[in-house]
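# Topology and contacts: notes
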Amino acid sequence: MPVRLIPAGRLSGLDGPSRGLTAHEVTERAQTFGPNDILEAPPHLWRSVLQDSLKDPMLWFFAGTAVLYWAAGQVAEAVALGIAILPLLGMDLFLHQRTQASTRGLRSRLSTEALVIRDDRQVKIPAPELVPGDLVLLNSGDFVPADGLIVDGQELQFEESILTGEAYAAKKMPVEGPVDGVRVDEQHWTFAGTRLLTGQARMRVVFTGQ
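Model, not experiment: these values are computed from the prediction.

## Overview of the overall build of the chain
In terms of helices and strands, the chain carries five helices and eleven strands. Expressed as a percentage of contacts within the chain between residues at least 6 apart in sequence, the contacts between residues at least 24 apart total 73%. As presented, the chain carries roughly 12200 Å² of accessible surface, and 57% of it is formed by carbon and sulfur atoms.

See below:
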């Protein structure tokens, strides 16, 4: 089963399903991690494709070999290798388009608000104001506003089709014991843009933003 690493220090002192952040902690973490907003897809598709393609060693191998063939007078072989570069560029273009579509789909499913515990009170805040360490309360039908750990709840099922393509609900359960700096199974993990189908859960935000 896949595991997730919780960066050391990110959830220090936040074990358990009850303690939320204080206003001072929120301010410090907001300055460190920034807003909870997903990374925008590059606006200039062809420029982005070209930049990524130039990092592909296979492209440079084909190009270099083609130059050598050309210099040796073997024009047909040089042209063939040059043509072989086109599928690589086509694949890069396809992957970039799919990434942009996924980003748009994820943005449409992100919650605009989140119910959290701060200063020992339940408060509803704009989702972009979430920071790592926030304790989020989820009810059936709610979309998950950020990546994090389930710390409380029973008989939880999440819809993760936007990420996995699977039609079946994913069963989840709370994590037990200290979590800061450790690896946890994916059955304890929630992903931004997925949705809680059954039960009520509390999740501890681990990753926000990009």
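## Brief notes about a nonpolar patch on the surface
The grouping of Trp70, Val75, Val79, Ile83 and Leu86 at the surface amounts to a nonpolar patch, some 510 Å² of accessible area in total. Mapping Trp70 onto the fold places it in helix H3 (residues 57-71). A relative accessible area of 55% places Trp70 in the exposed class.

## Overview of the environment of Asn139
For Asn139, the location among the structural elements is in the loop between strand E4 (135-138) and strand E5 (147-153). Given a relative accessible area of 33%, Asn139 falls into the partly exposed group. Residues Asn139 and Leu196 lie 57 residues apart in sequence; the distance between their C-alpha atoms is 7.0 Å. Separated by 2.9 Å, the side chains of Asn139 and Gln200 make a polar contact.

## A short note on the nonpolar core
Formed by 17 residues in total, the largest nonpolar core has its most connected members in Ile6, Leu11, Leu149, Val175, Val184, Trp189 and Val206. Every element with two or more residues in this core is listed here: E4 and E5. If we skip the residues at most four places from it in the chain, Ile6 touches Leu11, Leu149, Val179, Asp180, Gly181, Val182, Val184, Trp189 and Val206. Residues Ala114, Val144, Leu156 and Leu196 belong to the second largest nonpolar core, which totals 16 residues.

## Topic: the side chain of Arg10
Among the structural elements, Arg10 can be located in the loop between strand E1 (3-5) and helix H1 (23-33). The buried charged residue Arg10 lacks any salt bridge partner; its closest oppositely charged side chain belongs to Asp180, at an N-O distance of 7.5 Å. Non-local contacts of Arg10, meaning those with residues more than four positions away in its chain, are made with Arg29, Phe33, Pro132, Asp180, Val206 and Phe207.

## Focus on the sheet that holds strand E6 (residues 156-159)
Across the sheet, which stays open at both edges, the three strands sit in the order E7-E6-E10 with antiparallel pairing between neighbours. Looking at which strands have only one partner, the edges of the open sheet turn out to be strand E7 (170-172) and strand E10 (195-198). If you compare each strand with its neighbour and ignore which way they point, the axes differ by 40 degrees on average. As judged from the three bridges shared by E6 and E7, these two strands associate in the antiparallel manner.

## So, the pattern of salt bridges
Within the structure shown, the criterion is met by five salt bridges. Its salt-bridge partner being Arg19, residue Glu25 comes within 3.0 Å of it at the nearest N-O pair. With relative accessibility at 31%, the residue Arg19 sits in the partly exposed group. Salt-bridge contacts for Glu159 lead to Arg195; the nearest nitrogen and oxygen are separated by 2.9 Å. Placement of the pair is Glu159 in strand E6 and Arg195 in strand E10, with a sequence separation of 36 residues. Glu159 sits in the buried class, given a relative accessible area of 18%.

## Thoughts on the sheet that holds strand E3 (residues 121-126)
Two pairing modes exist for strands in a sheet, parallel and antiparallel, and in both the strands are linked by backbone hydrogen bonds. Read across the open sheet, the six strands follow the order E3-E2-E4-E11-E5-E9; overall the sheet is antiparallel. If you trace the sheet from one side to the other, it starts and ends with E3 and strand E9 (189-190), each paired once. Examined bridge by bridge, strand E2 (residues 113-118) and E4 share three bridges and lie antiparallel to one another. Bridging across to E4, Leu115 finds its partner in Leu137.

Conventions and cut-offs
Residues numbered from 1 in each chain as written. Predicted model: local features only at pLDDT ≥ 70, side-chain atom pairs only at ≥ 80, totals over all residues. Heavy atoms only, no water. Helix = DSSP H or I, 4+ residues; strand = E, 2+ residues; numbered from the N terminus. Contact = heavy atoms within 4.5 Å. Areas by Shrake-Rupley, 256 points an atom, 1.4 Å probe, with all protein chains shown as cover. Patch = residues over 30% accessible without salt bridge, like charges linked within 9 Å, V, L, I, M, F, W, Y side chains within 5 Å. Salt bridge = Lys/Arg side-chain N within 4 Å of Asp/Glu carboxyl O. Buried < 20%, exposed > 50% of the residue type's maximum accessible area, 1.4 Å probe, protein only. Polar contact = N/O pair within 3.5 Å; in protein donor to acceptor, adjacent residues only side chain to side chain. Core = buried A, V, L, I, M, F, W, Y, C linked by side-chain atoms within 4.5 Å. Lys, Arg positive; Asp, Glu negative; His and termini not counted. Pairing = 2+ DSSP bridges. Axes fitted to C-alpha atoms, helices over the stretch in contact; angles between N-to-C directions.

Function-wise, these values are silent; they only describe arrangement.
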